[in-house]
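The primary structure of each chain is shown beneath.
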Amino acid sequence: MGHHIELSRSVDAPPDRVWRVLTSVDSAPQVLSGGDSVERLAGVGHEVGTRWRETRRMFGRAATEEMTVTAVEPGRHTVVEAESGGVHYRTEFDVAPDRAGTMLTVRFSADDGRPGRIRRVLTALLAPLGLRATRTALRRDLDDIAAAARAGI
């Protein structure tokens, strides 16, 4: 079973500045209002194999996930993946020039593989709430990235 979200946002800043903010792993807690902390585990900059532990608040509770960069097309596209509780998470970001400066797009997916009957029932009950919270968090991340890029951070 999989769940998907796609959101886009126009940013009044050049693509290279948006890319710099988006891929600055170590600055994420200062940029993303939904993030509490980041601990780099491997890699420098933002390259395939870069890993970090990220703590965020969801539903009033701190949740820590280990994130790994699995694809990068510098200045244009990156993919970050995580595994947690039997669910595979994939977040893709695209940065493209547009009339206002940059179009920033995020695609998020969560795939719990082949869950058993109980997990399917729980997912059917809880997925709408989780997707709504994830959509809100992703929209806030896009807004935070846009604000930091406009400010030149």
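Before reading on, note that the structure itself is shown above.
Let me begin by describing the structure that accompanies this report.

Here we take up the side chain of threonine 91. By secondary structure assignment, the location of threonine 91 is in strand β6 (residues 87–98). Residue classification places threonine 91 among the buried positions, given a relative accessible area of 11%. With residues near it in sequence (within four places) discarded, threonine 91 still touches Thr78, Val79, Val80, Val106, Arg107 and Phe108.

A separate point is the nonpolar core. Within soluble globular proteins, side chains that are nonpolar generally end up buried alongside one another. Judged by nonpolar contacts, the single largest core of 24 residues is most densely connected at Val11, Val18, Leu22, Leu104 and Ile145. Looking at this core, the elements with two or more residues in it are β1 (2–11), α1 (15–22), α2 (28–31), β6, β7 (101–111) and α3 (117–151). Top contributing element to this core by residue count: α3, with six residues. Every residue in contact with leucine 22, bar those within four places of it in the chain, is listed here: Thr78, Phe93, Val95, Leu104 and Ile145. Judged by nonpolar contacts, the second largest core, of six residues, contains Val25, Met67, Val80 and Ala82.

About the cut-offs
- Residues numbered from 1 in each chain as written.
- Predicted model: local features only at pLDDT ≥ 70, side-chain atom pairs only at ≥ 80, totals over all residues.
- Heavy atoms only, no water.
- Helix = DSSP H or I, 4+ residues; strand = E, 2+ residues; numbered from the N terminus.
- Buried < 20%, exposed > 50% of the residue type's maximum accessible area, 1.4 Å probe, protein only.
- Contact = heavy atoms within 4.5 Å.
- Core = buried A, V, L, I, M, F, W, Y, C linked by side-chain atoms within 4.5 Å.

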